[in-house]
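Next come the chains, spelled out residue by residue.
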Amino acid sequence: MAKKLNVGILFGGKSAEHEVSLQSAKNVYDAIDRDKYNPILIGIDKSGRWLLNEGSHFLLNAEDPKNIRLNQSGSAVALVPQSGGAISNLTTLKDSGAVDVVFPILHGPFGEDGTVQGLLKLADIPFVGAGVLGSAAGMDKDVMKRLLRDAGIPIGKFIALKSHEKVPPFAEAVKVLGAPIFIKPANMGSSVGVYKVKDEAEYRAAVEAAFQYDTKIILEEFIPGRELECAILGNEEPAASVPGEVISTHEFYSYDAKYLDEHGAVLEIPARIPDDIKKQIQALALKTFRALSCEGLSRVDFFLKEENAGAGGSGGNSNSITNSRIIVNEINTMPGFTRISMYPKLWEASGVSYTELISSLIELAVKRFEKERKLKTSVV
Ligand SMILES: Nc1ncnc2c1ncn2[C@@H]1O[C@H](COP(=O)(O)OP(=O)(O)O)[C@@H](O)[C@H]1O
Ligand SMILES: [Mg+2]
């Protein structure tokens, strides 16, 4: 039998999605196939410290999603470049075991944006999910949209703004985008810093608030319609799941609707949509995954415009890209991964169990690593 792989589950993190990540780690730890894998828990606390945790008590209030916490009693560790996956104990400076592959279940900045992926590349360890480029390109909503536009994928109209640039008056932005306008930090997630504004005062306040999370923000045309999501799994030959729908009871799928209000949203899986729309969504999700150089897994989120909705906005470039009924909103290269999150649920509805999904992702990580390790690193 093949050697059991030590799988480092890297979770928590310096991010608004820290608690979601704790839940995901618990679910993965409980469901991972123990015949093939030996899970090793490495929790990242909110200040960014890496702690090696014991499976039996790595979480406090594990059964209570509102009060779940990382147990801080683990020993501080680090992964060092080219150490063969050795986990170095920062107190004793001795090795505390080693990992063969890492599953970074981290969301948002410092986890999903290429930073951790860069560190894992330097450590020379296979890891689950997109590499540095796919993670970074998928995280930055401005760069993501420009790459999608270049690939001819339908997206909404948008304007990117850096913190040193002059903020256009609301009326100017409305000329391009119509009203209301969505305002978001370029690099964030979980709807943190996302606002829907309809007048100059709200617009000014939202721009200022969004700039607290990033030095770049985007202004977007409002797309009225349903929110559909499609899961992708694979490297060179990725597959698309059945699409699902998020039905939010709030004005939009806000942070409160996602995490604070237990009745904030309902996931409808599979989504009730005509077959032709389903096929178009799957094809666009695959195209998006490829256009952004993603690998392993991603969830691609869409808007399905109301049947007779116009392109929105009175100006800008109206063309086939902005007039499509199906619009790509964003990609998530490390989507929520609890047992009841959309990504695993979509695969379950497509015939892949949670445990099989975890195994597939680890196998994909190892395959990519084996392929990349054959590349020449020297000309001599
Ligand atoms: N242009 C838009 N038109 C309509 N609703 C939007 C738009 N942009 C965002 N939203 C709403 O805000 C939510 C969060 O925005 P999103 O771009 O997905 O950011 P995040 O990366 O934080 O999830 C979406 O799920 C949707 O409900
Ligand atoms: Mg989103």
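Basis of the calculations
Residues numbered from 1 in each chain as written. Chains lettered and ligands numbered in written order. Predicted model: local features only at pLDDT ≥ 70, side-chain atom pairs only at ≥ 80, totals over all residues. Heavy atoms only, no water. Axes fitted to C-alpha atoms, helices over the stretch in contact; angles between N-to-C directions. Helix = DSSP H or I, 4+ residues; strand = E, 2+ residues; numbered from the N terminus. Parallel < 35°, antiparallel > 145°, perpendicular 65-115°, else oblique. Contact = heavy atoms within 4.5 Å. Nonpolar A, V, L, I, M, F, W, Y, C, P; charged D, E, K, R; others polar. Pairing = 2+ DSSP bridges.

**Considering the packing of helix α5 (residues 170-177) against helix α6 (residues 200-210)**
Next up, step 1: Look at α5 against α6: their axes get within 10 Å of each other, and the N-to-C directions meet at 90°. It follows from the interaxial angle that α5 and α6 lie roughly perpendicular. Along the contact surface, α5 presents Phe 170, Ala 171 and Ala 173, while α6 presents Glu 200, Tyr 203 and Arg 204.
Next up, step 2: Among the residues forming the contact of α5 with α6, the class breakdown is four nonpolar, no polar and two charged.

**Quick look at the sheet that holds strand β6 (residues 75-79)**
Next up, step 1: The seven strands lie next to each other as β8-β7-β6-β3-β2-β1-β9, forming an open sheet whose pairing is mixed. Only two strands of the sheet have a single partner each, and these edge strands are β8 (95-98) and β9 (101-105). Ignoring strand direction, the axes of neighbouring strands in this sheet form an average angle of 35°.
Next up, step 2: Sheet topology note: the β6/strand β7 (residues 86-89) ladder contains three bridges and is antiparallel. Across the sheet, Ala 78 pairs through a bridge with Ser 88, a residue of β7.
Next up, step 3: Along the sheet, helix α1 (residues 18-31) makes contact with β1 (5-12), β2 (37-44) and β9, crossing β1 at roughly 155°.
Next up, step 4: Helix α11 (residues 354-373) rests against β1, β2 and β9 of the sheet, and its axis sits at about 125° to β9.

**Considering the sheet that holds strand β12 (residues 195-197)**
Next up, step 1: Strand order in this open sheet of four strands is β10-β13-β11-β12, and the pairing throughout is antiparallel. Where the open sheet ends on each side, the last strands, each with one partner, are β10 (158-162) and β12. With direction set aside, neighbouring strand axes in the sheet form an average angle of 25°.
Next up, step 2: Examined bridge by bridge, strand β11 (residues 181-185) and strand β13 (residues 216-221) share five bridges and lie antiparallel to one another. The partner of Lys 184 across the bridge, within β13, is Ile 218.
Next up, step 3: Helix α4 (residues 141-150) contacts β10, β11 and β13 of the sheet and is inclined by roughly 50° relative to β13.

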